Amino acid sequence: MDINKLPIKNLQHKTGRSTALMLVVLLLSVSMLSGSLIVGSLQSGLNSLETRLGADIIVVPDEAKSKKDLESILLDGVPGYFYMDKEYLDEIAEREGVKKISAQYYLASTKAGCCTMPVQIIGFDPETDFTVTPWITKSYGKELRLYDVVAGYNINKAVGGQVTFFGKDCTIVAKLDRTGTELDNAVYANFDTTKALIEASKENSFSFFSNHNPDEIISSILIDVEDGYSIDEVVGDINIHIKGVEATATKSMLSGVSDSLSGVARIIKLLVGAVWLLVLIILLVVFSSMINERKKEFAVLRVAGMSRAMLAKVILMESALVSLIGGITGCAFSLIMIYPFSTMIENELGMPFLTPSVSRAAVLTAVTLFLTVLAGASASSYAAVKLSKVDTGLILKEGN
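Below is a short write-up of the structure. The model shown is predicted, which means the values in this text are computed figures rather than measured ones. (Residues numbered from 1 in each chain as written. Predicted model: local features only at pLDDT ≥ 70, side-chain atom pairs only at ≥ 80, totals over all residues. Heavy atoms only, no water.)

## A few points about the pairing of strand β1 (residues 57-61)
And then number 1: The element β1 is largely enclosed, with a buried count of 5 among its 5 residues.
And then number 2: Every second residue of β1 is oriented toward a common face, with Ile 57, Val 59 and Pro 61 on one face and Ile 58 and Val 60 on the other, all of them buried.
And then number 3: As paired elements, β1 and strand β10 (residues 220-225) share 3 bridges and run antiparallel to each other. The residue of β10 that forms the bridge with Val 59 is Ile 221.
And then number 4: Pairing geometry for β1 and strand β11 (residues 245-249), over 5 bridges, is antiparallel. For Pro 61, the partnering residue across the bridge sits in β11 and is Val 245. (Buried < 20%, exposed > 50% of the residue type's maximum accessible area, 1.4 Å probe, protein only. Helix = DSSP H or I, 4+ residues; strand = E, 2+ residues; numbered from the N terminus. Pairing = 2+ DSSP bridges.)

Given below as structure tokens:
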């Protein structure tokens, strides 16, 4: 008797029971892998946002209502703008603890006919920038020329395509990698391009800059703090000694997002744990019921010469096959559910969401399959132990 073929024949003979078991295991694998992918994507998104912001401190004018407007632009993706005198840049650069300093412009395009789309345009100074340039260099190693722009991942235009802002045609020379944040919806340009677009907005009768000279204003100042200095101390020093601006540590900007992420992750982990416990109980009950229903079948096999160890092996192989097929199906369903719809999930959650790399997803899938098969084997092991105590002769006499 080839016991290696027997488990397959048993599963084929009872397709209804086999399918039901596979569906239970599928639920187990979906809950684990989907939960792991979502929690991992949220954490990756937050890490990506921290890295993309790149600065220890961001300084904005008081009129930006402290950090609220800045969060709307960088975290919520709401196009906006605010400006302050460029002289603040030199004043802040002289403060103790400031290692690197660079300025940015924020310019919001509109839905009007002069613009292809309403997006946030972020202007940076290539000579001093230490936050945007490292990301752009990965996609575009050349120097940005006048009216060259780098588009965020979600901008629906290909490299080489044209976008129009305030009547000026700009060329997308590169697209940035996905961050899973609202920065994926922004467009980046050097100061020359940004200033030219500001002048163009004036020509198109937009009043954003009617009282501003582009050469004399900036939107924000990004600071990298010197080693050995406390970020909070430098923030306090700027806020105390320099009037008209508000300095904010980038980590404090992200604290709300981090707290929300922790709350969502905690709920997901609890749900995954509850599903695991429920499915393990179901598997235990199902395998125990299966033993009672198949006692006569197992007794006949024992009479035919199959040892208890061989019978236990058949049961374990059946559970392993069911768990493997159900696990593979569940993992495939999870991957199809998460990756193609990651943008929609990000929008629904309202938090940074960056799906793991292929290698990371492969590891999570392998771990899920291993634990799923282990769960099925554990439940069937209990049934196998229970079966080993069955009196074969008594079962056959009872006619069960």
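And the narrative resumes.
## Remarks on the sheet that holds β1
The strands making up a sheet associate through backbone hydrogen bonding, with each pair oriented either parallel or antiparallel.
And then number 1: Here we have 9 strands laid out as an open sheet, ordered β6-β7-β5-β8-β4-β3-β10-β1-β11, and mixed in their pairing. Of all the strands in the sheet, just β6 (162-165) and β11 have a single pairing partner and so form its edges. Going across the sheet, the axis of each strand differs from the next one's by a mean of 35 degrees, ignoring polarity.
And then number 2: Here strand β3 (residues 98-108) pairs with strand β4 (residues 120-124) via 5 bridges, running antiparallel. Considered in β4, the bridge of Tyr 105 is made with Gly 123.
And then number 3: Contacts from helix α6 (residues 191-203) reach β3, β4, β5 (148-151), β6, β7 (168-175) and β8 (186-190) within the one sheet, and its direction differs from that of β3 by about 35 degrees. (Axes fitted to C-alpha atoms, helices over the stretch in contact; angles between N-to-C directions. Contact = heavy atoms within 4.5 Å.)

## Quick notes on a negative patch on the surface
And then number 1: Together, Asp 85, Glu 87, Asp 90, Glu 91, Glu 94 and Glu 216 make up a region of like negative charge exposed at the surface.
And then number 2: No other element matches the 3 residues that helix α4 (residues 87-93) contributes to the negative patch.
And then number 3: Following the sequence through the fold, Glu 87 ends up in helix α4. (Patch = residues over 30% accessible without salt bridge, like charges linked within 9 Å, V, L, I, M, F, W, Y side chains within 5 Å. Areas by Shrake-Rupley, 256 points an atom, 1.4 Å probe, with all protein chains shown as cover. Salt bridge = Lys/Arg side-chain N within 4 Å of Asp/Glu carboxyl O. Lys, Arg positive; Asp, Glu negative; His and termini not counted. Charge placed at Lys NZ, Arg CZ, Asp CG, Glu CD.)

## A word on the pattern of salt bridges
And then number 1: This structure, assessed with the given rule, holds 3 salt bridges.
And then number 2: Note that Asp 237 is salt-bridged to Arg 95, the shortest N-O span being 2.9 Å. Placement of the pair is Asp 237 in helix α7 (residues 231-241) and Arg 95 in the loop between α4 and β3, with a sequence separation of 142 residues.
And then number 3: The partly exposed category is assigned to Arg 95, whose relative accessible area is 26%.

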